[in-house]
Each structure stands twice: as structure tokens, then as C-alpha cells.
Amino acid sequence: MVLGEGNFVKRKRSGSSRKKAAVAFSLIFFAGCATDDAFLDPNMDFGSLRSVAVLPFENLTQDDYAAPRVRDAFANMLLATGAIYVLPPGEVARGMGMIGRFPPEGPSSEQINKLAAALEVDAVFTGVVTEYGPVRSGTASANVVSVSVQLIESSSGMVVWSASSTKGGISVWDRLLGGGGQPMNAVTEKAVNDLLDKLFQ
């Protein structure tokens, strides 16, 4: 990942504060609320969550690698917070192989229950990547990523948290100077950080 020194320090401090919150995981989600791009079920006992699986994200872009790249970034950065255990992708793939193929619209409640039981996790994350890559306007171009993620509680099959984030795009300076914007991995990291901030609000 492309990180400046200032961003690296900020990320480290943010991760440290999240690790402290892991002692009482339920308090991280205490302020249950719904905003324009985030939903949190105030009735969910988030303190009961100890492990999660991040399922492969759905890809609605023209880049075949968009969904796996964003999913990997989300899973790795979530694990790096130290707040909850994230199952390795290989184990998730083996569990999904035992359950069978999921429909295009996403797994059903029954499939979530079976998968969670096979993986021994308390909840699963699903996601959709709707934009990934360069956008152009006149002589200016820049990278953009748009992703939506939801957390599904395994026993009930209910969505208990969801959020979306769009980062990157053409700025005023890009239009004036014809700049190329930030690298794709940096834009992806910003989007994932935004999602984690909404998760750990």
C-alpha cells in the first residue's frame, strides 16, 4: 500500500485505539444508529461476536480483480484492528465449497446459518464493489472505488450493520492541472478505512 508518513502514523494510532476497544467489543457499537450511508442495529448484542468471515465480494465493475482486491483489503485491515478474529480466506473458501454455490443476489439466511456453523463464526461480512478504476473528465482522470458492505449475524441471518463508501474521483485540482489522482491501492485503503470508522463509531 502506498502510504505517506503522516497517514501511517494516523493509521497506527487509529488501530491502537481500536485494540483498546476490543476489551469491551459491545461498547464499540454502543451508539447504534442509521445515517445516509450506514446502518447499525441497536438491538444487536455485538459483544457476543468473537469471530467473523469475510465472504467474496460481488463485482459490478469491469475489472475482474476489483472485488477480490477490495475484499482482501477489508479483511486484512479489519484483522489489523485487533478487535475481532477474521477467518483466513482459505478457510472461508473451504467452507463455501461445503455449502455449495451462492445465488447472484447473495446467500440466503439458511446458507448463512450453514456456512457459519461450518466455519464456527458468529457473523459474516458480504460486500459489493460498484466502481473500481479510473474515471475521466476532459483531460483529467483519477481512480475511484465505491463499495458497500454488510454484516450478517449467523444465528438469525439478519443484517445488523451495513455501510457504503466512495473514495477518489476527480478533484478540482485534477481538473485545473490535469492530474491523475491517487494510486488505486491508496484510494482503496481510504474507502476501507472509511468503512471501518463507520463500523467502530
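Everything that follows concerns the structure shown earlier in this document.
Treat the numbers as computed from the prediction; the structure is a model and nothing was measured.

Another point: the pairing of strand β2 (residues 51–54). Neither face of β2 is open: one carries S51 and A53, the other V52 and V54, and all of them are buried. Here β2 pairs with strand β5 (residues 123–137) via three bridges, running parallel. Counterpart to V52 in the pairing with β5 is A123.

Looking now at the pairing of strand β6 (residues 140–153). Burial within β6 is extensive, with eleven of its 14 residues counted as buried. Two elements, β5 and β6, share 14 bridges in a ladder whose sense is antiparallel. Bridge pairing links P134 to N143 in β6. In terms of strand pairing, β6 meets strand β7 (residues 159–168) through nine bridges, oriented antiparallel. Each bridged residue has a counterpart across the sheet, and for I152 the counterpart in β7 is V159. Hairpin connection of β6 to β7: five residues between the antiparallel strands, including G157 at a positive phi of 75°.

This paragraph deals with the environment of G168. Its place among the elements puts G168 in strand β7. Taking the C-alpha atoms as reference, G168 lies 7.2 Å from Q182; in sequence the two are 14 residues apart. When sequence neighbours within four positions are dropped, the list of residues in contact with G168 reads N143, V144 and V187.

Closest axis-to-axis distance for the helix α3 (residues 66–80)/helix α7 (residues 184–199) pair is 10 Å, and the angle between their directions is 50°. Between α3 and α7, the angle falls in the class oblique. Considering only the axes of α3 and α7, their crossing is right-handed. Here V70, A73, F74, M77 and L78 of α3 come into contact with α7, specifically with T188, E189, V192, N193, L195, L196 and L199. Counted by class, the contact of α3 with α7 contains nine nonpolar, two polar and one charged residues.

Next up on the list: the packing of helix α4 (residues 89–99) against helix α5 (residues 109–119). Where α4 meets α5, the closest approach of the two axes is 9 Å, and the angle between their N-to-C directions is 130°. Looking at the two axes, α4 sits oblique to α5. Like other packed secondary-structure pairs, α4 and α5 cross with a definite hand, here right-handed. Mapping the contact onto sequence places E91, V92, G95, M96, M98 and I99 in α4 and Q111, K114, L115, A118 and L119 in α5. Tallied by class, the residues present in the contact of α4 with α5 amount to seven nonpolar, two polar and two charged.

Rules behind the numbers
- Residues numbered from 1 in each chain as written.
- Predicted model: local features only at pLDDT ≥ 70, side-chain atom pairs only at ≥ 80, totals over all residues.
- Heavy atoms only, no water.
- Buried < 20%, exposed > 50% of the residue type's maximum accessible area, 1.4 Å probe, protein only.
- Helix = DSSP H or I, 4+ residues; strand = E, 2+ residues; numbered from the N terminus.
- Pairing = 2+ DSSP bridges.
- Contact = heavy atoms within 4.5 Å.
- Axes fitted to C-alpha atoms, helices over the stretch in contact; angles between N-to-C directions.
- Parallel < 35°, antiparallel > 145°, perpendicular 65-115°, else oblique.
- Left-handed = near helix turned anticlockwise from the far one by under 90°.
- Nonpolar A, V, L, I, M, F, W, Y, C, P; charged D, E, K, R; others polar.

Purely spatial values, then, with no claim about function.
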